[in-house]
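An overview of the molecular structure
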Amino acid sequence: MNTQWFFTESCLICGVTLVSSESSDGICPRCIEEIRNAPGPFRLHIGRSPVVAAREYGGIIREALRAYKQQGFRRIGHTLARELLLPLARTHQQEEGFSDVIASVPAHPGNRRIRGFDQAHDLATRIAVEMDLPVERPFRRSGRTTQKSLARTAREENAQHAIILRRGDPGWAKRLQDRRFILIDDVVTTGATIHRCADLLEEFSAVSVAALVLAATL
Ligand SMILES: [Zn+2]
């Protein structure tokens, strides 16, 4: 008797059965196409530092982020970073001439515990590898309040107070001084978190900070 094993895989976003040759990080070609064609990028005017969002938060982008963050399908991060963030980072690099460091906005510790990973750092690491730049995690969260439980105004204030600079190893400060940062986050809503991070880096003698995010709730 011949026993044959068939391994089938489903699209991590829409669930359609994937043909092995067309699989890209577990996402079907149709979903990839939809991700590429979703509205964006957008230049956001929400503070002093330039913020560019690759796509509007909604539709396929919301579905992809849900599968990535809430269901823990980390492979989706490959696709999102490659398709959406990397082109923005390369354009920024071309326009500005140079970037020194990729850094991530910190996830709330509570959220990270639930997901098992820090999605912004995950994305930042993928971008850094592609661009052959170092990746830093200059911030950490303090306090216990989760962002979701707060109203918008309180959330902005909470973001201001909750993010502090991580002061770890002795070489840390030197690595951040006089650097041109690309700051990475997954979703921007009010922009308060990103601007808190940018302000902290500038206080620490960063030359410039540009923020690139996957999606913006417009
Ligand atoms: Zn799909």
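Residues numbered from 1 in each chain as written. Predicted model: local features only at pLDDT ≥ 70, side-chain atom pairs only at ≥ 80, totals over all residues.

1. Looking at the overall build of the protein chain
Scanning the protein chain for helices and strands turns up eight helices and ten strands. Within the protein chain, buried positions represent 39% of all 218 residues. (Helix = DSSP H or I, 4+ residues; strand = E, 2+ residues; numbered from the N terminus. Buried ≥ 20, exposed ≤ 12 C-beta atoms within 10 Å, placed from the backbone.)

2. Considering the sheet that holds strand S6 (residues 135-136)
The six strands are arranged S3-S4-S10-S9-S5-S6 in an open sheet whose pairing can be described as mixed. Lying at the two open borders of the sheet, with one neighbouring strand each, are strand S3 (42-44) and S6. Across three bridges, S3 lies against strand S4 (residues 51-56) in antiparallel orientation. When the bridges of S4 are listed, Arg43 appears paired with Val52. Against the sheet, helix H5 (residues 119-131) touches strand S5 (101-104), S6, strand S9 (180-188) and strand S10 (208-216), its axis set at about 135° to S9. Contacting S4, S9 and S10, helix H8 (residues 192-203) runs over the sheet at an angle of about 165° to S9. (Pairing = 2+ DSSP bridges. Contact = placed C-beta atoms within 7 Å. Axes fitted to C-alpha atoms, helices over the stretch in contact; angles between N-to-C directions.)

3. Observations regarding H5
Because each turn of an α-helix spans 3.6 residues, side chains separated by three or four positions end up pointing in the same direction. Over its 13 residues, H5 runs 18 Å from end to end, which matches the ideal 18 Å to within 8%, given 1.5 Å per residue. Inspection of H5 places Gln119, Ala120, His121, Asp122, Leu123, Ala124, Arg126, Ile127 and Ala128 among the buried residues, and these make up the whole buried set. Immediately beyond the C-terminal end of H5, within one or two residues, lies Asp132, with a positive phi of roughly 55°. (Expected span 1.5 Å × (residues − 1).)

4. Describing the pairing of S10
Buried residues dominate S10, accounting for eight of its nine residues. The handedness of the S9 to S10 crossover, carried by H8, is right-handed. (Right-handed = clockwise from strand over helix to strand, strands pointing away.)

5. Regarding the pairing of S4
Taken across its six residues, S4 has five buried, putting it largely inside the fold. Connecting S3 to the antiparallel partner S4 that follows it, the hairpin turn spans six residues, and Gly47 within it adopts a positive phi of roughly 160°. Here S4 runs beside S10; their pairing, made up of five bridges, is parallel. The partner of Arg55 across the bridge, within S10, is Ala215.

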